[in-house]
Amino acid sequence: MIGVTENLRKIRDLVAKSAVDAQREPGTVKLLAVSKKQPVDKVLEAARCGQRDFGENFVQEGLLKITATSSEDLIWHFIGHLQSNKTQAVAEHFDWVHTIDQLKTAERLSRQRPANLSPLNICLQVNIDDEVAKSGVDAAALPELAQAIAELPNLRFRGLMCLPEYKDTFDAQRPAFAKLRTLAKSLSADGIDTDTLSMGMSGDYAAAIAEGATIIRVGTAIFGPRIVDQRT
Ligand SMILES: *Cc1c(COP(=O)(O)O)cnc(C)c1O
């Protein structure tokens, strides 16, 4: 079986190549290793290869991994749906949240962020395909919500995140990512500092990089298939 070390090496090469193809500096694309439903051993192996940023979708699972790897100086990103009764642990233990779509949740995080920590980095999740059942902010509501979050004291508004409908070709994948880039640009034009586009996963990160992704969130291409959880 091919291990995490080899997978990381391959992905770093592909990310660099995608960036160069898009006439971008490879250093402008951050690789976020999505470790949900992966064992701690694999996180530690990635950390030994110099991987610093990790993403988790579930609060309890994330806390276990943060504790188990506390000697490693890692940066933890919360990328799952955040229920308002779980904000305290996220405010205390994570560095980023990518999935905010309500002011109420952001206000709780700001209130609960410990004073000795740097501001919690926040991305707004955008419902980029206008899917009825999907979480995320509608494009029209973005400017007002981004502005309100930018004013909260213990948060730092960083940008936008999306999770588009899956498409299986590069050309079909690009439009949703282009749309997110355009939305971020118009926030910047409105005077709201926006430096992050969190978009692209194992199957579509090349297209996301072509459209300006600054953080790609890659799970299975680094860690292999996830552990199947009986409860889900
Ligand atoms: C699971 C997940 C990923 C990683 O998906 P892969 O296809 O395994 O790369 C990225 N982003 C979010 C929000 C996820 O939930």
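Refer to the preceding data block for the structure.
If you're wondering where the values come from, they're calculated on a predicted model, not measured in any experiment.

Undergrad: What exactly am I supposed to notice about the overall build of the chain here?
TA: Helix and strand counts for the chain stand at nine helices and eight strands. In terms of overall dimensions, the chain is globule-like: its C-alpha atoms have a radius of gyration of 17 Å, near the 17 Å expected for 232 residues. Dimensions of the chain, computed from C-alpha atoms along their principal axes, come out at roughly 50 × 40 × 35 Å. Relative to its full complement of 232 residues, the chain shows a buried share of 48%. In the chain, 59% of the contacts between residues at least 6 apart in sequence involve partners at least 24 apart. Accessible surface, the chain: about 11,500 Å² in total, of which carbon and sulfur atoms supply 51%.

Undergrad: Help me out: how do you make sense of unusual backbone geometry in this one?
TA: Excluding glycine, most residues fall at negative phi; most peptide bonds, likewise, are trans. Phi is positive for glutamine 23, which is not a glycine, with a value near 55°. Of note, glutamine 23 is situated in the loop between α1 (4-21) and β1 (30-34). The exposed category is assigned to glutamine 23, whose relative accessible area is 76%. Positive phi values are uncommon outside glycine, yet aspartate 73 reaches one of about 60°. Mapped onto the elements of the fold, aspartate 73 is located in the loop between α3 (59-68) and β3 (75-78).

Undergrad: So what exactly am I meant to see when it comes to the site of the ligand here?
TA: Neighbouring the ligand are 13 residues; Lys36, Asn57, Ser202, Gly219 and Arg226 lie closest to it. With respect to the ligand, the side chain of arginine 217 contributes an N or O atom lying 2.9 Å from a nitrogen atom. Within the side chain of arginine 226, one N or O atom sits 2.8 Å away from an oxygen atom of the ligand. For the ligand, whose accessible area on its own is 390 Å², the fraction buried by protein is 89%. Classifying every residue of the shell around the ligand gives six nonpolar, four polar and three charged.

Undergrad: Is there a simple way to think about the nonpolar core in this case?
TA: Considering soluble globular proteins, one finds that nonpolar side chains tend to be buried as a cluster. Ranked by internal contacts, the top residues of the largest apolar core, which has 60 residues, are Val97, Leu109, Leu124, Ile149, Leu160, Ile216 and Ile222. Counting residues per element, this core draws most heavily on helix α7 (residues 170-189), at six residues. Within the second largest apolar cluster, seven residues are counted, among which are Val34, Cys123, Met161 and Ile215.

Undergrad: Help me understand the pairing of β3, please; the structure alone is not making it clear to me.
TA: Walk down a regular strand and you will see the side chains alternate between the two sheet faces. Relative to β3, strand β2 (residues 53-56) is paired through four bridges, and the arrangement is parallel. Each residue of the ladder has a partner; that of glutamate 56, found in β3, is phenylalanine 78. Chirality of the crossover, the property in question, places the unit of β2, α3 and β3 among those that are right-handed. The pairing of β3 with strand β4 (residues 96-100) spans two bridges and is classified as parallel. Pairing of histidine 77 across the sheet is with tryptophan 96, part of β4. Running through helix α4 (residues 87-93), the crossover from β3 to the neighbouring parallel element β4 is right-handed.

Each value, and the rule that gives it
Residues numbered from 1 in each chain as written. Predicted model: local features only at pLDDT ≥ 70, side-chain atom pairs only at ≥ 80, totals over all residues. Heavy atoms only, no water. Helix = DSSP H or I, 4+ residues; strand = E, 2+ residues; numbered from the N terminus. Rg over C-alpha atoms; globule rule 2.2 N^0.38 Å. Buried < 20%, exposed > 50% of the residue type's maximum accessible area, 1.4 Å probe, protein only. Contact = heavy atoms within 4.5 Å. Areas by Shrake-Rupley, 256 points an atom, 1.4 Å probe, with all protein chains shown as cover. Near = heavy atom within 4 Å. Polar contact = N/O pair within 3.5 Å; in protein donor to acceptor, adjacent residues only side chain to side chain. Nonpolar A, V, L, I, M, F, W, Y, C, P; charged D, E, K, R; others polar. Core = buried A, V, L, I, M, F, W, Y, C linked by side-chain atoms within 4.5 Å. Pairing = 2+ DSSP bridges. Right-handed = clockwise from strand over helix to strand, strands pointing away.

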